[in-house]
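The primary structure of each chain is shown beneath.
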Amino acid sequence: QSVLTQPPSVSGAPGQRVTISCTGSSSNIGSPYGLHWYLQLPGTAPKLLIYGDTNRPSGVPDRFSGSKSGTSASLAITGLQAEDEADYYCQTYDGSLSAWVFGGGTKVTVL
Amino acid sequence: EVKLVESGGGLVEPGGSLRLSCAASGFTFTYAWMNWVRQAPGKGLEWVGRIKSKTDGGTIDYAAPVKGRFTISRDDSKNTLYLQMDSLETEDTAVYYCTRITVFRGVWDAFDIWGQGTMVTVSS
């Protein structure tokens, strides 16, 4: 059971918008540690997609956007493309556990 | 090119030991905070432990499931991070990734560079 809760899967047609939720508590998402998102393509290592709730590293398309409110966060993918089919993980630091924690991951399927 | 390359994975019996290495290049390893993260087959990501740079005190922290069994160390002269794994259990079977931590805007610690991973299988 992951400390951060994500839906196991979401799907959408090409060009559509999908969102992935990430729910936590006051000791992790609700604290000012920053919520980050990672993308893992099949058979590859994870890659940083969003840092500090809403910021994209250089090279990440602006189709990806993050938001956070209270103890929940979301990742939105607009203009869904076949290459976006992957697993997505949210992550932050948990002050009560003194540990970095991940969500269980969400598999995005492009229909 | 910024790069992390893990090695040392393999098959080991329960109760055995293994040492993983992570060779860093393309950035100043001496000042980097580094992590190990693992992923069991078909499962999600799990943080294993972190080591700060020596200039920041060299503090090491571990996740609860590995504390007392795993040891993280670094050799800055070789630009290499290590993970010594002792008393291995079947539940430790996973791909092990080394990652770099970058503090974005002086506030947010995120894992911005990942190696390709090395597989560790604990089985009799």
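One can find the structure itself at the top, above this paragraph.
Quick look at the structure, then.

What follows covers the state of the cysteines. With the rule as written, the count across this model stands at two disulfides over all chains. Disulfide pairing is shown between Cys 22 of chain A and Cys 90 of chain A; the S-S distance is 2.1 Å. Handedness of the Cys 22 of chain A-Cys 90 of chain A disulfide follows from its S-S torsion of about 75°: it is right-handed. Of the two residues, Cys 22 of chain A sits in strand E2 (residues 18-23) while Cys 90 of chain A sits in strand E7 (residues 86-94), which places them 68 residues apart along the sequence. Overall, the relative accessible area of 0% leaves Cys 22 of chain A in the buried class. Take Cys 90 of chain A: its relative accessible area is 0%, and that puts it in the buried class. Two residues, Cys 22 of chain B and Cys 98 of chain B, share a disulfide whose sulfurs are 1.9 Å apart.

With that out of the way, let us pick up the pattern of salt bridges. Residue and element names in this part refer to chain B. Tallied over the full model, the rule gives 10 salt bridges over all chains. Across the pair Glu 46 and Arg 38 runs a salt bridge whose closest N-O atoms are separated by 2.7 Å. Of the residues examined, Glu 46 reaches a relative accessible area of 30% and is grouped as partly exposed. A salt bridge links Asp 76 to Arg 74; the shortest N-O distance between them is 2.8 Å. Given the relative accessible area of 9%, Arg 74 is considered buried.

About the cut-offs
- Numbering of residues begins from 1 in every chain and follows the order in which that chain's sequence is written.
- Labels follow written order: the first chain is A, the first ligand is 1, and so on.
- Per-residue local features are limited, in this predicted model, to residues with pLDDT of at least 70; the limit for side-chain atom pairs, both in listing and counting, is 80 or more; totals at the level of whole chains, interfaces and linings are taken over all residues.
- Side-chain calculation: all heavy atoms of the structure are included, whereas hydrogens and water are not.
- The term disulfide is used for any two cysteine sulfur atoms that are within 2.5 Å.
- The numbering of helices and of strands both runs from the N terminus, where a helix is a DSSP run of H or I of at least 4 residues and a strand a run of E of at least 2.
- For each residue, the accessible area found with a 1.4 Å probe, counting protein chains only, is set against the maximum for its type, and the residue is called buried under 20%, exposed over 50%, and partly exposed in between.
- By convention in these notes, a salt bridge is any Lys or Arg side-chain nitrogen within 4 Å of a carboxyl oxygen on Asp or Glu.

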